[in-house]
Amino acid sequence: GNSVTQMEGPVTLSEEAFLTINCTYTATGYPSLFWYVQYPGEGLQLLLKATKADDKGSNKGFEATYRKETTSFHLEKGSVQVSDSAVYFCALSDLRGNKLVFGAGTILRVKS
Amino acid sequence: EAQVTQNPRYLITVTGKKLTVTCSQNMNHEYMSWYRQDPGLGLRQIYYSMNVEVTDKGDVPEGYKVSRKEKRNFPLILESPSPNQTSLYFCASFGSGIGTDTQYFGPGTRLTVL
């Protein structure tokens, strides 16, 4: 079945550091890929998405590129801020679109 | 403002006492879904609904029921809660069943079953 694997956290960075959170997936066909973010005490909100191979999703300085050859969708940001502290979830949606399959989530802590 | 609301946000109950968690969306979405979030496991789908009176099981449906009598509402029912259902629950809605669609999540309901 479909699955998503994320790097384990927590990840602790200093402000303005470079961020990478690794995400790889296993799926039949060509799923859509998503990054969701969960701020403390809140629900999940979409950060970015990519719906086909080589697409790059971007939002709020975060980027991720859909790499079919390596089945990856790594999240990157050039300079993190304290306000980026949150839990980040990588997810895929299969062709039926009825559900999202999530990774375990990665806690990011940014220190000033 | 487009939103998904859930109630209650926090609930502590005892084993076997029936409870309902409500979910409502104001985006006229056809699709709605329930997930549970557990540490180290991410979110897993419990049930989903494709339209009024149309529901289907997700990956972890045991011990849960749902109903979809109106388009905007999708309550989650635990008829006899057990401690292994202690979790953080999220309702989500989305406009179409295609894989590219964005799902919109509610704020979550933290349930503790003693």
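In what follows, the structure referred to is the one given above.
A few points on the structure. Just so it is clear, the structure is predicted and the values come from calculations on it, not from any experiment.

Description of the sheet that holds strand 3 (residues 19-21) of chain A
The strands making up a sheet associate through backbone hydrogen bonding, with each pair oriented either parallel or antiparallel.
Residue and element names in this part refer to chain A.
Moving on, step 1. Spatial ordering of the open sheet is given by 3-9-8-7, a layout of four strands whose pairing is antiparallel. Bordering the open sheet on either side are strand 3 and strand 7 (56-59), each of which pairs with just one other strand. Taking the axes of each pair of neighbouring strands and ignoring which way they run, one obtains an average angle of 15° across the sheet.
Moving on, step 2. Two elements, strand 3 and strand 9 (residues 75-77), share three bridges in a ladder whose sense is antiparallel. In the strand pairing of strand 9, L19 is matched with K77.

With respect to the side chain of T106 of chain A
Residue and element names in this part refer to chain A.
Moving on, step 1. Looking at the secondary structure, you find T106 in strand 12 (residues 106-111).
Moving on, step 2. T106 sits in the buried class, given a relative accessible area of 0%.
Moving on, step 3. Within the structure, the side chain of T106 is placed 2.9 Å from the side chain of Q6, a separation counted as a polar contact.
Moving on, step 4. In terms of polar contacts, T106 uses its side chain to reach the backbone carbonyl oxygen of M7, at 2.8 Å.
Moving on, step 5. Not counting residues up to four positions away in its chain, the partners in contact with T106 are Q6, M7, G9, V11, I21, A86, V87 and Y88.

Some details on the packing of aromatic side chains
Moving on, step 1. Using the criterion set out here, one finds 12 aromatic pairs over all chains in the structure.
Moving on, step 2. Between Y36 of chain A and F102 of chain A, the aromatic rings sit 6.1 Å apart at their centres with planes inclined by 55°, giving tilted as the arrangement. Of the two residues, Y36 of chain A is situated in strand 5 (residues 32-38) and F102 of chain A in strand 11 (residues 100-102); the sequence distance between them amounts to 66 residues.
Moving on, step 3. Y36 of chain A sits in the buried class, given a relative accessible area of 0%.
Moving on, step 4. When the ring of F102 of chain A is compared with that of Y35 of chain B, the centres are 5.7 Å apart and the planes differ by 90°; the resulting orientation is edge-to-face. Highlighted residues: F102 of chain A in strand 11 and Y35 of chain B in strand 4 (residues 31-38), drawn from two different chains.

A closer look at the side chain of T13 of chain B
Residues and elements named next belong to chain B.
Moving on, step 1. For T13, the location among the structural elements is in strand 2 (residues 10-13).
Moving on, step 2. With relative accessibility at 9%, the residue T13 sits in the buried group.
Moving on, step 3. Every residue in contact with T13, bar those within four places of it in the chain, is listed here: L19, L111, T112, V113 and L114.

Points about unusual backbone geometry
Moving on, step 1. Of note, the amide linkage connecting G9 of chain A to P10 of chain A takes the cis form, showing an omega dihedral of 0°.
Moving on, step 2. Here P10 of chain A lies in the loop between strand 1 (3-6) and strand 2 (11-14).
Moving on, step 3. Each neighbour pair has its own omega, and for N7 of chain B with P8 of chain B the value is -5°, a cis peptide bond.
Moving on, step 4. Looking at the secondary structure, you find P8 of chain B in the loop between strand 1 (4-7) and strand 2.
Moving on, step 5. Even without being a glycine, E16 of chain A presents a positive backbone phi close to 75°.
Moving on, step 6. With respect to the secondary-structure elements, E16 of chain A resides in the loop between strand 2 and strand 3.

Observations regarding the pairing of strand 11 (residues 109-113) of chain B
All names here are of chain B.
Moving on, step 1. Residues T109, L111 and V113 of strand 11 are buried on one face, while the alternating residues R110 and T112, pointing to the opposite face, are not.
Moving on, step 2. Relative to strand 11, strand 2 runs parallel, the two being bridged by four bridges. In the strand pairing of strand 11, L11 is matched with L111.
Moving on, step 3. The pairing of strand 9 (residues 87-94) with strand 11 spans three bridges and is antiparallel. Across the sheet, residue Y89 finds its bridge partner in strand 11, namely T109.

What about the sheet that holds strand 7 (residues 65-66) of chain B?
Moving on, step 1. A sheet is described by the order of its strands in space; here four strands give the open sequence 1-3-8-7 (chain B), paired in antiparallel fashion. Edge positions in the sheet fall to strand 1 and strand 7 of chain B, since each of these pairs with one other strand and no more.

Details of the pattern of salt bridges
Close approach of charged atoms allows side chains of opposite charge to pair.
Moving on, step 1. As enumerated under the stated definition, the model contains eight salt bridges over all chains in all.
Moving on, step 2. Between D59 of chain B and K99 of chain A there is a salt bridge, and its shortest N-O distance comes to 2.6 Å. On the criterion of chain membership, the pair formed by D59 of chain B in the loop between strand 6 (54-57) and strand 7 and K99 of chain A in the loop between strand 10 (86-93) and strand 11 is interchain, its members lying in two chains.
Moving on, step 3. Residue classification places D59 of chain B among the partly exposed positions, given a relative accessible area of 46%.

Each value, and the rule that gives it
- The residue count restarts for each chain, going from 1 along the sequence in the order it is written.
- In the order they appear in the text, chains get letters beginning with A and ligands get numbers beginning with 1.
- pLDDT decides what is reported in this predicted model: residues at 70 or higher carry local features, side-chain atom pairs at 80 or more are listed and counted, and totals for whole chains, interfaces and linings draw on all residues regardless.
- With hydrogens and water set aside, each side-chain value is computed from the structure's full complement of heavy atoms.
- A strand pair is defined by DSSP finding two or more bridges across the two strands.
- Runs of H or I in DSSP of at least four residues are treated as helices and runs of E of at least two as strands, each being numbered from the N terminus.
- The angle between two axes is taken between their N-to-C directions and runs from 0 to 180 degrees, where each axis is a line fitted to C-alpha atoms and a helix contributes only its stretch in contact.
- Exposed residues in this analysis have more than 50% of their type's maximum accessible area, buried residues have under 20%, and partly exposed residues fall in between, with area computed by a 1.4 Å probe over protein chains only.
- N or O atoms within 3.5 Å of each other form a polar contact, as long as, within protein, one can give a hydrogen and the other can take it, and as long as residues adjacent in sequence are counted only when both atoms are side-chain atoms.
- Contacts are assigned to residue pairs that have any heavy atoms within 4.5 Å of one another.
- For Phe, Tyr and Trp, rings pair up if their centres lie within 6.5 Å, where Trp contributes its six-membered ring, and each pair is then called stacked (planes under 30 degrees apart), edge-to-face (over 60) or tilted (otherwise).
- Salt bridge, as used here, is a side-chain nitrogen of Lys or Arg placed within 4 Å of a carboxyl oxygen of Asp or Glu.

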